[in-house]
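Below are the chains, spelled out letter by letter.
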Amino acid sequence: MLSNDIIQQHNEKLQADHQFRLAYLTELLDRKGIDIQTIIDKIKAFQVAIPSWALGTGGTRFGRFPNGGEPRNLEEKIEDVGLIHQLNRSSNSISLHIPWDIPSDANAIKQLLKANDLTIDSVNSNTFQDQKDQPYSYKFGSLSHTKSEVRDLAIQHNIQCVEYGKMLDSKVLTVWLADGSNFPGQSHMRSAYQRTSDSLSSIYKSMPDDWTMLIEYKPYEPHFYSMVIPDWGTSYSLCQTVGKNAQVLVDLGHHLPNTNIEQIVGRLMHFGRLGGFHFNGSMYGDDDLTTGSIKPYQFFLIFNELVDGMQDPSVKNPPLAWMIDASHNTKDPIEDLLQSVNAILTTYAKALLVDRVALADAQENNDVLRAEELLRDTFMTDARALVAEASRQAGGAIDPIATFRGGKIRSGLVDKRGFSVATGL
Ligand code: LRH
Ligand code: MN
């Protein structure tokens, strides 16, 4: 845990500049009839889950360049997320990945979570790697495998993930399948879909009634001809078959170039089957870069659809799971996560500032330019002081990254943990 004095000391240094920015925004929003504290309260309530598998330096098949002080076990991963939450007061949960995060002592883990003011949001299953002494390989698939013994093994793994989740008070199972094919003819794709649907239904039946299953889609990688769950439509159709507590998980990096992701988000909300997000940034493929770092306007348009749906009483969509899923290959993992959370909150804040009455009127009257300008103007608004103030009011840092650096926290972790390398991708 970080001593709160460090945060207060850094806030004092930043106070004057922060108050100047806030005063300007307060005046600007007041002129638009927007109460700034209402927006700040919504930002404070918006919590983003941190992935346990991204607290170490990520890599690719070409290389991985860790810079030390990485968490060596689940306990240290929880400490790192506790630190992030202490700094930005907006990251009050951690997503787990099994078997990388099997709890050695569930009660001790729950104590540690409590001490760090954290909960477990979702448990992610892993049938994309073979574990030591595994009786059957997932090389040719898992829940879609042609052999029932392999499907059963994968089904049992997911059921075991639910058991670990129950031990830690989670209520969400996230399923992403690497299943697919690399060459035409390799897979009978309709049968692979049906086997996957049947397997997911078996897992769903084992889940408690108050649990949610998030089904994540991905167009390619690690297979490069077909994936069994390649797109939102396939995930949506599986959710409809599997059960009412099954929803679509949108990983922003899991779309082919030039996909209108904001329209997919609007559609899934309209159908009431949007379960949540894996936030990250990408230029080409599943690049898992910092959220909002490459296409900030598209990210804003996604949040514009989200806020529009969340504020529309006719939309019957369950509460959304806000999660990051990224790989930190060249930045400090904690700094990168702080940057991503800040980008998510800043973009959400901007979407809250959209004048939806004026936008609806412009859309109704096909005033194309005015409708576009209403969004662009809001996107151009610098909302960062709102996020800084939300953190300050919640006891966090006005500038979490400056406080992390100023507090020399990484070197402290290296002193304590040495040149450790975390589990993960
Ligand atoms: C697959 C994925 C999935 C995780 C993994 C870490 O690309 O997005 O969500 O299990 O990354
Ligand atoms: Mn993901």
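This structure is a prediction, so every number in the text was calculated from the model and none was measured.

Conventions and cut-offs
- Residues numbered from 1 in each chain as written.
- Chains lettered and ligands numbered in written order.
- Predicted model: local features only at pLDDT ≥ 70, side-chain atom pairs only at ≥ 80, totals over all residues.
- Heavy atoms only, no water.
- Helix = DSSP H or I, 4+ residues; strand = E, 2+ residues; numbered from the N terminus.
- Rg over C-alpha atoms; globule rule 2.2 N^0.38 Å.
- Buried < 20%, exposed > 50% of the residue type's maximum accessible area, 1.4 Å probe, protein only.
- Contact = heavy atoms within 4.5 Å.
- Areas by Shrake-Rupley, 256 points an atom, 1.4 Å probe, with all protein chains shown as cover.
- Lys, Arg positive; Asp, Glu negative; His and termini not counted.
- Charge placed at Lys NZ, Arg CZ, Asp CG, Glu CD.
- Near = heavy atom within 4 Å.
- Polar contact = N/O pair within 3.5 Å; in protein donor to acceptor, adjacent residues only side chain to side chain.
- Nonpolar A, V, L, I, M, F, W, Y, C, P; charged D, E, K, R; others polar.
- Donors = N, O, S within 2.8 Å, 3.2 Å for Na, K, Ca; no water.
- Tetrahedral: all angles 85-135°; square planar, octahedral: opposite > 155°, others 65-115°.

A.B. asks: Can you walk me through the overall build of the chain in this structure?
C.D. replies: In terms of helices and strands, the chain carries 15 helices and twelve strands. Its C-alpha atoms give the chain a radius of gyration of 22 Å, near enough to 22 Å, the size a compact globule of 425 residues would have. For the chain, the spread of C-alpha atoms along the three principal axes comes to 65 × 60 × 40 Å. Per-residue burial over the chain gives 54% buried out of 425 residues. Of all intrachain contacts in the chain linking residues separated by at least 6 positions in sequence, the fraction that spans at least 24 positions is 80%. Total accessible area computed for the chain in this model is approximately 19100 Å², and 53% of it derives from carbon and sulfur atoms. Averaged over its 40 positive side-chain charges, the chain has a centre that lies 2 Å from the centre of its 52 negative ones.

A.B. asks: Hey, could you run me through the site of ligand 1 in this one?
C.D. replies: Around ligand 1, the structure places twelve residues, and the nearest of them are His-97, Glu-216, Lys-218, Asp-286 and Asp-325. One nitrogen or oxygen atom from the side chain of His-278 is found 3.2 Å from an oxygen atom belonging to ligand 1. A distance of 3.0 Å is found between an oxygen atom of ligand 1 and a side-chain nitrogen or oxygen belonging to Asp-286. Burial of ligand 1 by the protein amounts to 96% of the accessible area it has alone, namely 300 Å². Class assignment of the residues belonging to the shell around ligand 1 gives a composition of four nonpolar, three polar and five charged.

A.B. asks: What should I look at first to understand the coordination of the manganese ion (ligand 2) in this one?
C.D. replies: Ideal donor angles around a metal are set by the shape: a four-donor tetrahedron calls for 109.5 degrees, a six-donor octahedron for 90 or 180 degrees. Distances from the manganese ion (ligand 2) to its protein donors, namely Glu-216 (OE), Asp-251 (OD), His-278 (ND1) and Asp-325 (OD), fall within the range 2.1 to 2.2 Å. In this structure, the manganese ion (ligand 2) is surrounded by six donor atoms whose angles at the metal cover 72 to 167°, and the resulting shape is octahedral. The sequence pattern describing where the donors of the manganese ion (ligand 2) fall on their chain is E-x34-D-x26-H-x46-D. Of this pair, Asp-251 sits in strand β10 (residues 246–251) while His-278 is found in strand β11 (residues 274–279), placing the two residues 27 residues apart along the sequence. Like Asp-251, the residue His-278 is buried in the burial classification.

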